[in-house]
Amino acid sequence: MIGDRIPTLPLAEARKLPFHRQPVFLLFLMAFAMPIAFATWAALLNNFVVEAANFTGVEIGWLHTIREIPGFLAIGVIFLIIFIREQVLGLVSLILLGGASALTAYFPSFGGILVLTLISSIGFHYYETVNQSLQLQWIEIDRAPQLLGWLTAAGSFASLIAYGALVLTWKTFDLSYEFVYMTSGGITVAIALFALVFYPQFEAPEPQIKKMVLRRRYWLYYALQFISGARRQIFMVFAAFMMVEHFNFEVHEVTSLFLINYVANMIIAPFIGKAIHRYGERNMLVIEYTGLSLVFLAYGGIYYFGWGVMVGAALYVLNHLFFSMAFAIKTYFQKIADPADIAPTAAVAFTINHIAAVFLPALLGYLWIVSQISVFVLAAGMALTSLVLSMLIPRHPVKGQETIFARGAAAPAE
């Protein structure tokens, strides 16, 4: 198995190490490294593809469809962890993400952008799959909501640094896309290489099943992942694109909007973690999906009522804040799962999350050029579906009480 030559250490012993060498610190380091490349790529993307390759809604839809194919194939992680330790796979995936992002601006054509997007997306989605698995294996259930909140804040802080640097330097120093992409991607690669060498291989107490796992009692978790993935795609593809296409935002303006988002997330995410711990996953997800339903309907109002740029910017920030509650789905699964199921189910769930993402951006790209309002109304309908599903989560979910219909039931034999 790749990674066997690196010293291994059980989690119980790893907690005796200095804090900067413990598993939780590695999770923070990885959470910090990923957004430096990815957030910069996202901040520049819409302006870059319009300026370099004259993208319309059709091309941007196809780009995001290609970008989501590796997410649909995230189930391949189950096969890879037979040969590669999860920790090593996660860091190698970060290197792939950073390296491909660094080269993005050197291939300013529709084909070149799609190929590099596909490569970086393999790194991103395989990293995210493994990262979710490691978080749920390495963090105790009682501490998970709070620590996931802080990990979200760490990622937001990294994005804040990336966006802040863009806002302050893009026009001042007349930076090029080539320089910014190479710098941000290179930093992510450097951090991942350091972590690969510096940290021992941490061993969770429960060996992970290395085959595909589909359990009937996880059906609500799968359903929440499916709808969440479809809805999130509409936001990721078309909300920022709207700011460039409809309101003519330039790079520093789009980046400033992202900057506001991540300042808010960095401050609020730890409080969301505490709220999930106190009020439960169901209540927090109900708040999230109610808010998202209203926000997506208001996006449609921009086109129907002619609302101005300030409304669009405010809705974009609110959308991000509601999305920051989504890690309640992770903690819900952690509470109902068999410990050995975490890695294979993370891969299965990531694939389910991306089923709609493979075809939805391309299809909606064609709908976008006909009716932008319809795209956002569809997203609102998805948020309402998630709201109904979230109401099926028990107040205190555990194995055997995965939904309100199973309240008080014994854990099923499998």
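Here the structure is shown first, and the text comes after it.
Presented here is a report on the structure given in the accompanying data block. Keep in mind it's a predicted model, so treat the numbers as computed, not measured. (Residues numbered from 1 in each chain as written. Predicted model: local features only at pLDDT ≥ 70, side-chain atom pairs only at ≥ 80, totals over all residues. Heavy atoms only, no water.)

**Things to note about the overall build of the protein**
Applied cut-off: Helix numbering and strand numbering both begin at the N terminus, where a helix is a DSSP run of H or I of at least 4 residues and a strand a DSSP run of E of at least 2. Radius of gyration means the value over C-alpha atoms here, while the globule rule gives 2.2 Å times the residue count to the 0.38 power. Contact definition: two residues touch when any of their heavy atoms are within 4.5 Å. Working definition of accessibility: Shrake-Rupley area with a 1.4 Å probe, residue cover restricted to the visible protein chains. For the charge count, each Lys or Arg is scored as positive and each Asp or Glu as negative, with His and the chain ends excluded. Lysine's charge is taken at NZ, arginine's at CZ, aspartate's at CG and glutamate's at CD.
A tally of helices and strands in the protein yields 16 helices and 2 strands. For the protein, the C-alpha radius of gyration of 21 Å lies close to 22 Å, the compact-globule estimate for 414 residues. C-alpha atoms of the protein, sized along the principal axes, occupy 55 × 50 × 35 Å. In the protein, of all internal contacts separated by at least 6 residues, the share reaching a separation of at least 24 is 87%. Summed over its atoms, the accessible surface of the protein is roughly 16400 Å², and 70% of this surface lies on carbon and sulfur atoms. Taking the 23 positively charged and 22 negatively charged side chains of the protein as two groups, their mean positions are separated by 11 Å.

**Here's the deal with helix 9 (residues 219–245)**
The criterion, for reference: One fewer than the residue count of a helix, multiplied by 1.5 Å, yields its expected span. Exposure is judged per residue with a 1.4 Å probe applied to protein chains only, and the accessible area is read against the type maximum: over 50% gives exposed, under 20% gives buried, and values in between give partly exposed.
The terminal C-alpha atoms of helix 9 lie 39 Å apart, and with 27 residues this matches the ideal 39 Å at 1.5 Å per residue to within 8%. Within helix 9, 21 of the 27 residues are buried, which leaves it mostly tucked inside the rest of the structure.

**Focus on the layout of surface pockets**
The condition is simple: A pocket here means an open set of points on a 1 Å grid, computed over the protein atoms alone, that has protein on both sides within 12 Å along at least five of seven lines. A cavity is instead a set of points where a 1.4 Å probe fits but cannot get out; residues with an atom within 4 Å of a point line either one. Grid points are joined across faces, edges and corners, and a volume is the space filled by probe spheres set on the points. Amino acids are sorted into nonpolar (Ala, Val, Leu, Ile, Met, Phe, Trp, Tyr, Cys and Pro), charged (Asp, Glu, Lys and Arg) and polar (every other residue, Gly among them).
A volume near 310 Å³ is recorded for the largest pocket. As for the largest pocket, its lining consists of 17 residues, of which Arg85, Glu86, Phe202, Glu203 and Lys210 are closest to the centre. Where the lining of the largest pocket is concerned, the elements lending two or more residues are helix 5 (86–102), helix 6 (110–138) and strand 2 (201–203). Classifying every residue of the lining of the largest pocket gives 8 nonpolar, 4 polar and 5 charged. Estimates place the volume of the second largest pocket at around 260 Å³. With 3 residues, helix 6 is the single largest residue contributor to the lining of the second largest pocket. Its residues assigned to classes, the lining of the second largest pocket shows 10 nonpolar, 3 polar and 4 charged.

In short, shape yes, function no, at least from these values alone.
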